[in-house]
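The chain contents come next:
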Amino acid sequence: MATAVLALNAGSSSVKFALFHQDEGGAARRIASGELEGITTHPHFRAVDADGHVLAERTWPAPDPADTTDAHQGPVGSLIDWVTSHLGDVPLAGVGHRVVHGGPDFIQPVRITPDILTRLDALTPFAPLHQPASLGPIRALAALRPDLAQVACFDTAFHHTLPAAATRLALPRAYGQRGVRRYGFHGLSYEYIASCLPGLSQRLAAGRTVVAHLGNGASLCALDAGRSVETTMGFSVLDGLVMGTRCGQLDPGVILYMLRAEGLDAAGIEDVLYRHSGLLGVSDVSSDMRDLQGRAAGDAQAREALDLFAYRLVQQVGAMAAVLGGLDGLVFTAGIGEHDAAVRAAACARLGWLGVRLDAGANAAHAAVISTPDSTVEVRVIPTDEESMIRRHVADCLAGA
C-alpha cells in the first residue's frame, strides 16, 4: 500500500521538513516541504506544495521562559498533526532525522530506540551546538507519538570510508581513543551527489571528483569512485573553508591567544568562532554572499571577505586533488554552489593549472555542465537534496526491520 515518509533537518532554532509519498512499487515524490522557524522565540510554521503554493501557515506566541517543556514539543506536535491531516488515509510510515554527529560507531542509518538516543546524546561534547538541535525533534516525537518509527541519518556516516591517516589528529593517542579525530560532515549532501553521478557522468562516478558544498556552512569532499577519501571539515564543523559566520581552518595558537591575552572562556571563544567569524567577521557587515557581492565595488572589507573565500576554496580544492592524485571532475552544490556564478567563475579561473576550463555562458546560465569541451576537468552544477537522501534511508531501514 502507499505510505508516506517525513524527513526532518533540524537547526539550532528551526526545523526544515519534506513530506514524501511512496507508492506500492516504492517510487517516491515530494508532496510538501517547509520549515518551523523561531522555535525558541516566536515559532512560525509554513508548508508549501511541490509547486511552491502555500498549504498552511501558523505562528505561536513566544514560549514562556518558566515553562520547562522541550521547546520543540509544541511546534513539532503541530507539524505532525498537520502532516497526519494532510495525508488523509495514507499512513505515515516513519520520520527520518538528519543527525549531525554519529561518532565512530554510527556509520549507517539506524532506527531510534531509547538506548540509541542515549548514545547519541553522549556525543554532544563533540558537537555541542548542533547535536542537541538534532535530538530535540526526536525527543518531541517520541513523547507525542511513541509508536511512530524514527530513523537517525548521520552527517558523518558517509565519511566512514576515509583512510585511517585522514582521520587522525597529531595529538596524544589517548585523545583518539576517546573519539577525538577527524569525522567530516555534510555527508548526506555528498551521499546524494555521489548517488546522482552514475546517471549523469560515468567519468565522474568512476573517477576522481571533488564536490564543493558551498552554503552558509561550506566544505569539500574528495570522491574516489564515489567513496569519500578526504574532506575539509574534521573534528568539528568549524574546520576547512571560510563560511558565513564560521572561521574555517585556524591555527590553534589563535585559540590560546584568546584564552591568555583576552581572557575569553570556552563560551566566549565558541561565540567568536561559530557566530562572528567567516564572511561576517572579515567583512564586518554581512555573512550573506549576495550582500557582499553587492557591496564589493565600494567596500574594501567586503572584497577582502570574498577574496579570502575564493582563496581558501581554491587552496583546498588543490589539496583534495593532491590526495586523489589528479582530478577528473569538480561539482558545485548547495546554495552558493548552485546559484552563485561569480563564485564558481572565481574558483575555476584559478584552477586552470588542473585543466579546468570554464564556459562563461554556461556558467552564467547555471547550466548542468559549465566546463568547455576541451576542459580536462568536467565541471558540473548539481542541486543537492538531503531530504530525499533521508527518505531513502528511512525506506531502506524500515524495509529491513
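In this report, the structure presented in the accompanying data block is examined. Residue indices follow the written sequence of each chain, beginning from 1 at its first position. The model is predicted, so local features are restricted to residues of pLDDT at least 70 and side-chain atom pairs to those at 80 or more, both for listing and for counting; the totals for chains, interfaces and linings are taken over all residues. For the side-chain quantities, the full set of heavy atoms in the structure was used; hydrogens and water were omitted.

### Comments concerning the layout of surface pockets
What the largest pocket holds in volume is close to 1,200 Å³. Lining the largest pocket are 34 residues; nearest its centre among them are Lys 16, Arg 98, Asn 216, Gly 217 and Arg 246. Mapped onto the lining of the largest pocket, the elements with two or more residues apiece are strand 1 (3-10), helix 3 (131-144), helix 9 (266-275), helix 13 (334-339) and helix 16 (386-399). Numbering goes from the N terminus for both helices and strands, where a helix is a DSSP run of H or I of at least four residues and a strand is a run of E of at least two. Take the lining of the largest pocket: its biggest share by element is four residues, from helix 13. Polarity classes work like this: nonpolar for Ala, Val, Leu, Ile, Met, Phe, Trp, Tyr, Cys and Pro, charged for Asp, Glu, Lys and Arg, and polar for all others, with Gly in that last group. Counted by class, the lining of the largest pocket contains nine nonpolar, 16 polar and nine charged residues. Estimated volume of the second largest pocket: approximately 1,000 Å³. Lining the second largest pocket are 34 residues, and of these Phe 235, Ser 236, Leu 238, Asp 239 and Ile 255 sit closest to its centre. Mapped by element, the contributors of at least two residues to the lining of the second largest pocket are strand 11 (227-231), helix 8 (252-260), helix 9 and helix 12 (300-324). For the lining of the second largest pocket, the element with the highest residue contribution is helix 9, accounting for six residues. Using a 1 Å grid laid over the protein atoms alone, points where a 1.4 Å probe fits but cannot get out form a cavity; open sets with protein on both sides within 12 Å along at least 5 of 7 lines form a pocket; any residue with an atom within 4 Å of a point counts as lining. Grid points are joined across faces, edges and corners, and a volume is the space filled by probe spheres set on the points.

### Some remarks on the packing of aromatic side chains
Working definition: rings of Phe, Tyr and Trp (its six-membered ring) pair if their centres are within 6.5 Å, and the pair is stacked with planes under 30 degrees apart, edge-to-face with planes over 60 apart, and tilted otherwise. This model, assessed by the stated rule, comprises five aromatic pairs. Between the aromatic rings of Phe 126 and Phe 235, the centroid separation amounts to 5.6 Å while the plane-to-plane angle is 70°, which identifies the pairing as edge-to-face. Here the residue Phe 126 occupies a position in the loop between helix 2 (114-121) and helix 3, and Phe 235 occupies one in the loop between strand 11 and helix 8, the gap between them amounting to 109 residues. Each residue is placed in one exposure class: buried if its accessible area under a 1.4 Å probe, protein chains only, is under 20% of its type's maximum, exposed if it is over 50%, and partly exposed if it falls in between. Phe 126 sits in the buried class, given a relative accessible area of 15%. Taken together, the ring pairs connect Phe 17, Phe 45 and Trp 82 into an aromatic cluster. The rule for a charge over a ring is simple: NZ of Lys or CZ of Arg within 6 Å of the ring centre, and within 35 degrees of the ring normal. Arg 178 extends its terminal NZ or CZ atom over the ring of Tyr 175, reaching a point 4.7 Å from the ring centre.

### Some words on empty space enclosed by the protein
Enumeration over the complete set of coordinates arrives at one cavity of 30 Å³ or more. In this structure, the largest cavity encloses a volume near 30 Å³. Lining the largest cavity are Phe 126, Ala 127, His 130, Phe 185, Phe 235, Ser 236, Val 237 and Tyr 274. Looking at side-chain class alone, the lining of the largest cavity contains six nonpolar, two polar and no charged residues.

### Regarding the nonpolar core
Leu 214, Phe 309, Leu 313 and Phe 332 are the most contacted members of the largest nonpolar core, which totals 49 residues. When residues of this core are assigned to their parent elements, the largest contribution, 10 residues, is made by helix 12. Each residue touching Phe 309, except ones within four places of it in the same chain, is listed here: Leu 214, Val 242, Leu 279, Met 289, Ile 336 and Val 343. Here, nonpolar core refers to any group of buried Ala, Val, Leu, Ile, Met, Phe, Trp, Tyr and Cys residues whose side-chain atoms link them within 4.5 Å. Contacts between residues were defined by any pair of non-hydrogen atoms, one from each residue, lying within 4.5 Å.

### Some thoughts on a nonpolar patch on the surface
A patch is a set of surface residues, each over 30% in relative accessible area and not in a salt bridge, joined within 9 Å for like charges and within 5 Å for the nonpolar side chains Val, Leu, Ile, Met, Phe, Trp and Tyr. Here the Shrake-Rupley method, with its probe set to 1.4 Å, supplies the accessible areas, and only the displayed protein chains count as covering residues. Salt bridge criterion: a side-chain nitrogen from Lys or Arg within 4 Å of a carboxyl oxygen from Asp or Glu. Taken together, the side chains of Leu 169, Leu 171 and Tyr 175 make up a nonpolar region of the molecular surface, amounting to roughly 250 Å² of accessible area. Topologically, Leu 169 is positioned in the loop between helix 4 (164-167) and helix 5 (173-177).

### A closer look at the side chain of Ser 388
Structurally, the position occupied by Ser 388 is in helix 16. Non-local contacts of Ser 388, meaning those with residues more than four positions away in its chain, are made with Phe 20, Arg 30 and Tyr 192.

### Considerations on the environment of Ser 219
Here Ser 219 shows up in strand 10 (residues 218-224). Spatially, the C-alpha atoms of Ser 219 and Leu 241 are 5.9 Å apart, while their sequence positions differ by 22 residues. Apart from residues no more than four positions distant in its own chain, Ser 219 is found in contact with Phe 185, His 186, Tyr 190, Val 211, Ala 212, His 213, Thr 232, Met 233 and Leu 241.

### Topic: the pattern of salt bridges
For the structure shown, the criterion picks out 10 salt bridges. Note that Glu 57 and Arg 46 form a salt bridge whose closest N and O atoms lie 3.9 Å from each other. Of this pair, Glu 57 sits in strand 5 (residues 54-59) while Arg 46 sits in strand 4 (residues 44-48), and the two are 11 residues apart along the sequence. On the accessibility criterion, Glu 57 (48% relative accessible area) is partly exposed. In this structure, the salt-bridge partner of Glu 230 is Arg 182, at a minimum N-O distance of 2.9 Å. Here the residue Glu 230 occupies a position in strand 11, and Arg 182 occupies one in the loop between helix 5 and helix 6 (187-200), the gap between them amounting to 48 residues. Its relative accessible area of 14% is what places Glu 230 among the buried residues.

### A closer look at the pairing of strand 12 (residues 329-333)
With five of five residues buried, strand 12 lies mostly within the body of the structure. Of the two faces of strand 12, the one holding Gly 329, Val 331 and Thr 333 and the one holding Leu 330 and Phe 332 are both buried throughout. The pairing criterion for strands is at least two bridges between them, as found by DSSP. With five bridges connecting them, strand 9 (residues 208-214) and strand 12 associate as parallel partners. Opposite Val 211, over in strand 12, you have Val 331 as the bridge partner. Pairing geometry for strand 12 and strand 13 (residues 378-381), over four bridges, is parallel. Residue Leu 330 lies in a different strand from strand 13, and its bridge partner there is Val 379.

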